[in-house]
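Structural characterization, general
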Amino acid sequence: MKKTGTILFTLALSMAASAGIKHPSLLFPPQRVECARKALDNDTAMASAWQKILAEADLQLAKGDVRKLEYPALVYQMTGDSRYADKIREVLLKTAKVESWADKEMMARRPAWRSELQMAHRAFQLALAYDAVYDRLSAADRREIASGLYRLAVEPLLGDWIAEPTRIHSLNSMGHNWWTSCVGMGAILGLAISNEIPQAGKLAEQAVEALPEWFDFAGDVIQHKPKTFDRDGGMYESINYASFGSTEALLLRMAWLNSHPGSKLEKLPQMEKLASFFCHVAYPRTGMLYSINFGDSHKNVTGESSMLLAYAMGEEDPAVLWYLDQLTPGQHREGFPLHFPMGFLYTPRGKKSPARPELPTSHIWNDFGWATMRDSWDKDATMLAVKSGQTWNHSHADANSLILFHKGVDIVKDAGNCSYGKPEYRNYFFQSDAHNIVKFNGEGQLPYQQYHGAMLPGSVSNLIDAGNIKYVLADGTGPMSHVFDRNFRHYLWIDDVIYVVDDIHSHKPGSFEWLWHPGGEAKKKGYDLEIVNGESAAIIRPLYPAPLAPSNFVHDYPENMYWEVLQGPTEDLSGMEDYYSFKLPGTTDRVKGVTAIILKDSPEDKNLPEIERRQGQDWIGLRIKKDGKVTDIYINQLADGRLMHLNSWIEADGWTTDAYMLAVSYREGANPAKPDEIFIGHGSSLRRADDVRFSSFSKLNVVSNAKGVTAGGQPRMNFTLNGKKYKMTE
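1. Thoughts on the nonpolar core
Core analysis: the biggest nonpolar cluster contains 137 residues, and L27, I188, L189 and F344 have the highest contact counts within it. By size, the runner-up hydrophobic cluster in this structure holds 42 residues, among which are V460, V472, Y580 and L599.

2. A short note on the environment of E610
The residue E610 is located in strand β20 (residues 610-616) in this model. The exposure class assigned to E610 is exposed, which follows from its relative accessible area of 55%. In the structure, E610 is positioned 284 residues away from Q326 in sequence and 37 Å away in space, judged by C-alpha atoms.

3. Examining the sheet that holds strand β18 (residues 576-583)
Strand order across the open sheet formed by four strands is β8-β13-β18-β17, with antiparallel pairing between neighbours. If you trace the sheet from one side to the other, it starts and ends with β8 (438-440) and β17 (562-569), each paired once. Each neighbouring strand pair of the sheet contributes to a mean axis angle of 30 degrees, computed without reference to strand direction. Note that strand β13 (residues 512-516) and β18 share four bridges and pair antiparallel. If you follow W514 over to β18, its bridge partner there is F582.

4. Some words on the pattern of salt bridges
When the charged atoms of two side chains lie near each other, side chains of opposite charge can form a pair. Scanning the model with the defined rule gives 40 salt bridges in all. We note a salt bridge from R83 to D81, for which the minimum N-O separation is 3.0 Å. What makes R83 partly exposed here is its relative accessible area of 45%. A salt bridge links R114 to D160; its shortest N-O distance comes to 3.0 Å. One end of the pair, R114, is in the loop between α6 (104-107) and α7 (117-132); the other, D160, is in helix α8 (residues 139-161), with 46 residues separating them in the sequence. Residue class for D160 comes out buried when judged on its relative accessible area of 1%. Each of the salt bridges in this network shares a partner with another, and the network as a whole consists of R486, D503, R590, K592, D640 and R642.

5. Some thoughts on the sheet that holds strand β14 (residues 521-525)
Paired through backbone hydrogen bonds, the strands of a sheet run either parallel or antiparallel to each other. Across the sheet, eight strands lie side by side as β9-β10-β11-β12-β19-β16-β15-β14; this open sheet has antiparallel pairing. Across the chains shown, the open sheet's two edge strands, defined by having one partner strand only, are β9 (459-465) and β14. When the angles between neighbouring strand axes are averaged without regard to direction, this sheet yields 15 degrees. One ladder, built from seven bridges, connects strand β10 (residues 469-475) with strand β11 (residues 484-494); its direction is antiparallel. Bridging across to β11, L473 finds its partner in H490.

6. Quick word on the environment of F124
Here F124 lies in helix α7. Given the relative accessible area of 9%, F124 is considered buried. With 34 residues separating them along the chain, F124 and L158 place their C-alpha atoms 13 Å apart. Ignoring sequence-local partners within four residues, the contact set of F124 consists of L27, M185, I188 and L251.

Rules used throughout
Residues numbered from 1 in each chain as written. Predicted model: local features only at pLDDT ≥ 70, side-chain atom pairs only at ≥ 80, totals over all residues. Heavy atoms only, no water. Core = buried A, V, L, I, M, F, W, Y, C linked by side-chain atoms within 4.5 Å. Buried < 20%, exposed > 50% of the residue type's maximum accessible area, 1.4 Å probe, protein only. Helix = DSSP H or I, 4+ residues; strand = E, 2+ residues; numbered from the N terminus. Pairing = 2+ DSSP bridges. Axes fitted to C-alpha atoms, helices over the stretch in contact; angles between N-to-C directions. Salt bridge = Lys/Arg side-chain N within 4 Å of Asp/Glu carboxyl O. Contact = heavy atoms within 4.5 Å.

This is the structure in structure tokens:
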């Protein structure tokens, strides 16, 4: 049945393609142009955007820049003013005579790469221009232009990437953003000239048929290439390339649907999940929307362009409208703001956006190893982003790293990236030193992973969001397996403190150090590193295996951690900036590193939690007090993999448990045996003498608090909690 369905789908495409296309129809179809024209009368935002588009089009009357042809193309379709059409005709005829756009560096490769991204970008502009002025071109003009553009761009792009016998690339080697850009833009230009060059239309049809294969690509074990999309949407390479790669694919899909009315294309589940992905990785704030910038991305990058295209093709998720409301126009050069031609035609107008997206406050991407947790969807809230997945290409050596947004800024940040040809990129920004991770004997992930990838990727799992208690586990063992056989980082967020618990075992004794990148002015104060940026402030406080030495007289505190202020290049390469290394004195092969990140309400906030280090037989722990609330946290030293067939039972303050972590909260002066809140991390039992508080045959993560009971950790969960039976599935 699957084969039959595929044959019918292909026949439907072929029948649609054989009839030829009407011009203009690709991405500036007459219906959308007419709607935009009518909107100018009563939509002030559209009218303002139109003036900017008109100004750029007028500028191009003199310049004739191939890279800006979409502006005179749209203005001609909106106004019918022949000056713009004549200029486009002039540029098209001149371009058709160009001998080659091949890049020298690419041509020097073996086999030679005849096409690359700049050619793809020009192909897109030429397609829109040719489509727009088709009615102003003579038959001779069309033949000359189409023949030249096929030779100059369509054949090199689609010949290198999809057409036999000249194809040199595969999804396994280059199946990321370059694939959709070169294939997609080459195919859109192929569509534009398909009436004159039928072979171009056939290649475009082949490209449209291939798009689902790109979206579904499952990776390549031999070449260490990850799958392209997570099962929950989103692309591992970064927000930047998730947006770019998806947009290029959807532009081709949109152009095909516009130019072939009534045609049906195969459903793309990934397109349905774009809105959710880009919302979950976004940080709404006063001012420009931020996005998490793991890998080769920047905080200003958005998913605007791909979200607009998906919305236009029927994925009308209200979250898209919310997202668009958060943007500053033009904040991302590859976006589709209202004053760009695509944004002018495709931005939904006249629809009310929701105050907040109807999405949970936490999300995990199991396939490529990201997670986000936030305390609300309000602007300037607190959001923690965690990564421990792939290292490959645009995905950096940052297993187990984090980014923390708080009160409008990334108060604990990723160092960022720069131009890929710069030594600062390959020697710093890509490498572990630019991230918030743990090093061993001065080593992070091996530098060769930049090109060859990590043979054993990391992972993120066990996400729990129970309101004021959230938890997620990052496993960075694989990417650091040359030195570690265990490299877990637990993130436990309770109220206004995030506890970062590093459970690490090395192959041999050595030195451990923790790297922290402050997103503001950082000062060492006593046992703390305090970071301030505007109204945002946070404290990084190491607690285990030892606190920081409280003063510069480090020699007086030989068992405490000491620190170094290191420097790395700023993201714009204009200077250097400080980051911090916390080092454990001596050598060991096993550590439990516990660091508290204390979230302050303001830089002047003095109402901070009191945190006491405590320990007992086979456990270490903390007691936290604030505003009459007491939280006791226990970390089970026997549950760190040192036991195989023996369960990890400990007794702590009257509690008997096999849990890796236990947290109980109660009012100061109340009976700790009757807690108001419980967090059980990776445990199957909790007892108080003979009173069984929790029991499960498998170890689970369970929270009981004012929100109710939340559980995870296994696909099927049957447990009792405080005498009540629960049956849940994950």
